[in-house]
Amino acid sequence: MAAAVAATRYDSRMKRSASFLGLAYMALPIVLPALAGVVAPSSLAQAHAEDRVDSTTTWYQEKRKGNLGGLTVVHPQFDIGVDAGDNTTLDIGYSADAVSGATAAVYSTDAVSSATTFKDLRHAATTGITFYGSRSTLSISGNIGSERDYNSIGVGASAKVDLPGKNTALALSYNHGFDQVCDFDNGMATALERRPLTGQQACEKQKFLLGKDVAGDSVWRDLSFDTTQATVTQNISPSVVAQFGLYGQVARGFQSNPYRRVRVSGVEAQEHLPDVRGRVALMARVNKYLPSIKSAMHAMARGYTDTWGVNSVTLGLGYSQYFGNSLLLRTNARIYQQSEATFFKDAFFYETEGSAGEYFTGDRELGAIRNIVGGMKFSYIKFDENGGNVLGVFDEVSFNLKAEVYLLDELPADPIEDNREGIDRQFLSSGQAVDAFTLQLGMLFRY
Amino acid sequence: MAWQSSSKATNIPSGRTKLILACVLATGFLFGACGKQAVRASEKEFLADRIMQFDADGQETSADEHILSNREGSAGGRGTGGGGCGCN
């Protein structure tokens, strides 16, 4: 099988630093010394930490057009948290991505015909330490990730403080990612002369996580991420809690997919994206408890904008319902819509008009899209209400099974009446009502 | 009428400006509603329930973020875990 070229594949690499952020709260270093003063009295606080073992495996399956099989991702995660004294927890984690499927080699009016297959495997590890005070937590974390053509290293910190009365919690986080992307050694070639990585190049490494250039073959390009987030969690009433968040990120460096080609005025050149991207998002969400039926309603909204011209809105609703003391059912639905990046064009217009300024891309996620996700999750939770153990060992045991379906729609980015080729074949989406699904199985043991 | 036309032509906000404005207004409105009614410790039974916690399952949240950030052009801004019971 040809070593392959993968739009989807690279996307996951480029964005993974952000995905790691979900594993730990990160904090602005500038506020940490001040917050340390709040944390310091923690030696007098009661024990907060708790040992746990947590494991989840997610299977994502996406259909493809043209009898090309599908995109399959298996994502196992394994985390352990152990007490290190009454007020400190140490965490380590491991996750992987086993990816296989088909991808388009060239973004064009008929991307389906150029599709090839690929396989890839990525390993990632995280570690962190959390200090608990009477009204605060402080976490420091690090992560690494490695695969054949991408390296990532990240460090971060976060802090959270409950204000007096414990009805308002403030959290701040900061993370820096040092990533490297393997690219074909194009020397001083201009954008339209640049050739893509094909999978035949060496992409050599030294010391596992540092790329090593091979002249005339492959070079490693830097990509850094600075990410910060501030949230306020507020009790509105005895049955309503809300959270508001502000998120910002700046990415600097090589952000193109080194494998992807775009057909621009008859030339098939490597995708060319700006080196800097700034992102801002505002988020609000609320949970409302319904005591009479032992359930809760959830709602969220998010607005996003970035310097590439992508603007998006996300709306979500959910509902959780207990059945007895151990069974919990949650249903959720989410709709997302975004506008295209300023330099994105439907493939027909790149071919007939040329690029939009300096840049050109075949990334579906930079086009106009609308995604709808819906699903449900069953949880079986067992703990002794009298404070005893479950199975003689654990404070709590829970098993989770979750299923979701995805409706992924591409929208025209340019006047569709002038596009004689349409947009139906410029990406490898399924073209069916349901484009993808996930199944997720999780287990959590606290002891 | 001429001044009205001119005003419209120059003051129509762009899509991005509208989005930012809407988010800021929404956030401001929601923040404005906060803190008006303190919840006493004895009233936090429901707030402490697991279904009232944001991102109660960290691995699920992480996996969801992983999938969505690979299927959408935006990333981040999905909040942080925990809830408002202040139980810590």
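Residues numbered from 1 in each chain as written. Chains lettered and ligands numbered in written order. Predicted model: local features only at pLDDT ≥ 70, side-chain atom pairs only at ≥ 80, totals over all residues. Heavy atoms only, no water.

Asker: Help me understand the overall build of chain B in this model?
Answerer: Within chain B, the regular secondary structure consists of 3 helices and 0 strands. Listing the helices and strands of chain B from first to last along the sequence gives α-α-α. Summing over all exposed atoms, chain B offers an accessible surface of approximately 4600 Å²; the carbon and sulfur share of this is 63%. (Helix = DSSP H or I, 4+ residues; strand = E, 2+ residues; numbered from the N terminus. Areas by Shrake-Rupley, 256 points an atom, 1.4 Å probe, with all protein chains shown as cover.)

Asker: Explanation requested: the nonpolar core in the structure shown.
Answerer: The nonpolar side chains of a soluble globular protein tend to be buried, and buried together. Residue and element names in this part refer to chain A. If you look at the biggest cluster of nonpolar residues, it comprises 19 residues, and the most contacted ones within it are Tyr 107, Ala 341, Phe 344 and Leu 366. Secondary structure elements with two or more residues in this core: β13 (261–264) and α4 (347–353). Residues contacting Tyr 107, with those up to four places away along its chain left out, are Arg 261, Val 262, Arg 263, Phe 344, Lys 345, Asp 346, Ala 347, Tyr 350, Thr 361, Gly 362, Gln 426 and Phe 427. (Core = buried A, V, L, I, M, F, W, Y, C linked by side-chain atoms within 4.5 Å. Buried < 20%, exposed > 50% of the residue type's maximum accessible area, 1.4 Å probe, protein only. Contact = heavy atoms within 4.5 Å.)

Asker: I would appreciate a short explanation of the side chain of Asp 91 of chain A in the present structure.
Answerer: All names here are of chain A. Assignment of secondary structure puts Asp 91 in strand β3 (residues 88–104). We classify Asp 91 as buried; its relative accessible area is 18%. A distance of 2.8 Å separates the side chain of Asp 91 from the side chain of Arg 52, its partner in a polar contact. Ignoring anything within four residues of it in the chain, the contact list for Asp 91 reads Arg 52, Ile 80, Gly 81, Thr 126, Thr 127, Gly 128 and Thr 130. (Polar contact = N/O pair within 3.5 Å; in protein donor to acceptor, adjacent residues only side chain to side chain.)

Asker: Any chance you could explain the state of the cysteines here in plain terms?
Answerer: Residue and element names in this part refer to chain A. Following the criterion strictly, the structure yields 1 disulfide over all chains and no others. Bridging Cys 182 to Cys 203, the disulfide has an S-S length of 2.0 Å. The sign of the -90° torsion about the S-S bond sets the Cys 182-Cys 203 disulfide as left-handed. Of this pair, Cys 182 sits in strand β8 (residues 168–184) while Cys 203 sits in the loop between β8 and β9 (205–206), and the two are 21 residues apart along the sequence. What makes Cys 182 buried here is its relative accessible area of 0%. (Disulfide = S-S within 2.5 Å.)

Asker: It is not clear to me how the interface of chain A and chain B should be interpreted in this structure. Could you clarify?
Answerer: You'll often see interface size given as the accessible area lost when the parts meet. Contact residues are listed per partner, giving 100 residues for chain A and 54 residues for chain B. Interface area for chain A against chain B, summed over the two sides, is near 6200 Å², with a carbon-plus-sulfur share of 53%. If you sort the residues of chain A by the area they bury against chain B, Pro 238, Phe 244 and Arg 285 of chain A come out on top, with a joint share of 10%. Along the contact surface separating chain A from chain B lie 10 salt bridges. For the salt bridge of Lys 402 of chain A with Asp 64 of chain B, the shortest nitrogen-to-oxygen distance reads 2.7 Å. At the boundary of chain A with chain B, the tally comes to 31 residue pairs in polar contact (both at pLDDT 80 or more). (Buried area = accessible area lost by both parts, 1.4 Å probe. Salt bridge = Lys/Arg side-chain N within 4 Å of Asp/Glu carboxyl O.)

Asker: Help me understand the pattern of salt bridges, please; the structure alone is not making it clear to me.
Answerer: A side chain of one charge can pair with a side chain of the opposite charge if their charged atoms are brought near each other. Overall, the coordinates contain 28 salt bridges over all chains when judged by the stated rule. In this structure, Arg 64 of chain A engages Glu 62 of chain A in a salt bridge whose closest nitrogen and oxygen atoms are separated by 2.6 Å. By relative accessible area, Glu 62 of chain A is classed as buried at 5%. With its nearest N and O atoms 2.8 Å apart, the salt bridge here joins Asp 110 of chain A to Arg 425 of chain A. Of this pair, Asp 110 of chain A sits in the loop between β4 (106–107) and β5 (115–132) while Arg 425 of chain A sits in the loop between β20 (396–410) and β21 (436–446), and the two are 315 residues apart along the sequence. The partly exposed category is assigned to Asp 110 of chain A, whose relative accessible area is 28%. Take Arg 425 of chain A: its relative accessible area is 38%, and that puts it in the partly exposed class. Overlapping salt bridges bring together Arg 330, Lys 377, Lys 402 and Glu 404 of chain A together with Asp 57, Glu 60 and Asp 64 of chain B as one network.

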